[in-house]
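# Chains, contacts and geometry: an overview
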Amino acid sequence: MSEGELRQSGAVDNTGCCTSMLRKIADELCVQPNRCRMSSVRAPEINDVIETTVFDIWDIKVERPIKQEYLGGVQLTGVDPAAYGEDRWLGLLAARAAIPARPLVVVDSGTALTLDIIDEGGCFKGGLIVPGISLMLKSMADNADRLLIPEQRHFRRGLGLKTVEAMQFGVASMAAALIEKEYEFLGDGAAVVIGGGDATVLAELVTIPVLHLPDLVFEGLAIALP
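Summarised in this report is the structure supplied together with it. (Residues numbered from 1 in each chain as written. Predicted model: local features only at pLDDT ≥ 70, side-chain atom pairs only at ≥ 80, totals over all residues. Heavy atoms only, no water.)

### Some remarks on empty space enclosed by the protein
Note the cut-off: A cavity here means a set of points on a 1 Å grid, drawn over the protein atoms and nothing else, where a 1.4 Å probe fits but cannot get out; a pocket is an open set with protein on both sides within 12 Å along at least five of seven lines, and a residue lines either one if it has an atom within 4 Å of a point. Grid points are joined across faces, edges and corners, and a volume is the space filled by probe spheres set on the points. Only DSSP runs of H or I with at least four residues qualify as helices, and only runs of E with at least two residues qualify as strands; both kinds are numbered from the N terminus onward. Basically, the charged four are Asp, Glu, Lys and Arg, the nonpolar ten are Ala, Val, Leu, Ile, Met, Phe, Trp, Tyr, Cys and Pro, and anything else, Gly included, counts as polar.
Throughout the structure, instances matching the rule amount to one cavity of 30 Å³ or more. Its volume calculated, the largest cavity comes out at about 30 Å³. Lining the largest cavity are Asp-87, Arg-88, Gly-91, Val-106, Val-107, Asp-108, Thr-114, Asp-116 and Leu-216. Counting only elements with at least two residues in the lining of the largest cavity, the list comes to helix H3 (86–98), strand E5 (104–109) and strand E6 (112–118). Among the residues forming the lining of the largest cavity, the class breakdown is three nonpolar, two polar and four charged.

What follows is the structure, given as structure tokens:
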């Protein structure tokens, strides 16, 4: 971001070397950053490498959000902040800022699919974590010799005629049905907010109205670290 405007965004493969990843980002940036805000649920030693590399490249200190019992209309009363995922909390902040004073189902669909509930007053009621649709496919492929991850992915609701279709339609239907069930449980007046890498897929698969916030966690990060 520059002068309050989003100038550049994107995603990178985080399964490799963090140092190489960051140097690649530095080469591709169109602006010189003077601030770095980070949310990460990776291991502490990996986060340390990221922070050190950011300082080495740009000479700036990484800022990390500190979870609070009450912020931005979201209340974590009775919840140990250390036991609640940072990314999930940031997602709640962004969702509440987008839709105030209504019960919310907040979904972040990436490696894991997280689903969190806040009531109309912003009080956190609990959540669910299940494998994301890509991880479900990988799990089947890793544990069954004849089930392979498809080269071209196509997700939809319904029955598949081929094995590869049945795998993709199955994981898509499971994820979509989970979101719909929690929405129905909250009843009239509730809203669903979806973010994460697979959000576009899920937003098209569910049969309920949803608000798609592609940068859900980043928007929450801007609230936690204005």
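Text resumes after the structure shown.
### Re the nonpolar core
General note: in soluble globular proteins, nonpolar side chains tend to be found buried as a group. Test applied: The definition of a nonpolar core used throughout is a set of buried Ala, Val, Leu, Ile, Met, Phe, Trp, Tyr and Cys residues joined through side-chain atoms within 4.5 Å. Buried means the residue's accessible area, taken with a 1.4 Å probe over protein chains only, is under 20% of the maximum for its type, while exposed means over 50%, and partly exposed covers the values in between. Pairs of residues are marked as contacts when any of their non-hydrogen atoms sit within 4.5 Å.
Ranked by internal contacts, the top residues of the largest apolar core, which has 23 residues, are Trp-89, Leu-90, Leu-92, Leu-93 and Leu-104. For this core, the elements supplying multiple residues, two or more each, are H3, E5, strand E8 (191–195) and helix H7 (216–224). Considering each element in turn, this core owes the most residues, six residues, to H3. Ignoring anything within four residues of it in the chain, the contact list for Leu-90 reads Ser-39, Pro-65, Leu-216, Val-217, Gly-220, Leu-221 and Ala-224. Counting residues in hydrophobic clusters, the runner-up holds 22 residues, among them Leu-113, Ile-117, Ile-133 and Ile-208.

### Concerning the pattern of salt bridges
Note the cut-off: Every case where a carboxyl oxygen of Asp or Glu lies within 4 Å of a side-chain nitrogen of Lys or Arg is listed as a salt bridge.
For the structure on display, the rule yields seven salt bridges. In this structure, the salt-bridge partner of Glu-86 is Arg-64, at a minimum N-O distance of 3.4 Å. Taken together, the positions of Glu-86 in helix H3 and Arg-64 in the loop between strand E2 (62–63) and strand E3 (70–71) put the pair 22 residues apart, joining distant regions of the chain. Owing to a relative accessible area of 9%, Glu-86 belongs among the buried residues under this scheme.

### Focus on the sheet that holds strand E9 (residues 211–212)
Two orientations exist for strands paired in a sheet by backbone hydrogen bonds: parallel and antiparallel. The condition that has to hold: Two strands form a pair only when DSSP identifies at least two bridges running between them. Only the stretch in contact is used when fitting a helix axis, every axis being a line fitted to C-alpha atoms; angles between N-to-C directions are given from 0 to 180 degrees.
Spatially, the five strands line up as an open sheet ordered E7-E6-E5-E8-E9, and their pairing is mixed. Both edges of this open sheet fall to strand E7 (124–131) and E9, since each of them pairs with a single strand only. As paired strands, E6 and E7 are joined by seven bridges and run antiparallel to one another. From the neighbouring strand, Leu-115 faces E7, where its bridge partner is Leu-128. The sheet strands contacting helix H5 (residues 163–186) are E5, E6, E7 and E8, and the helix crosses E6 at an angle near 5°. Sheet contacts for H7: E5 and E8; angle to E5, the most-contacted strand, approximately 115°.

### Things to note about helix H4 (residues 133–143)
Heads up, the rule is: The directions considered for the arc are those from the helix axis to the C-beta atoms.
Those residues of H4 that fall on the buried side of the exposure criterion are Ile-133, Met-136 and Leu-137. The buried residues of H4 occupy an angular sector of 100° when the element is viewed end-on, so they sit on one face. Next to the buried residues of H4 lie E7, H5 and helix H6 (199–205).

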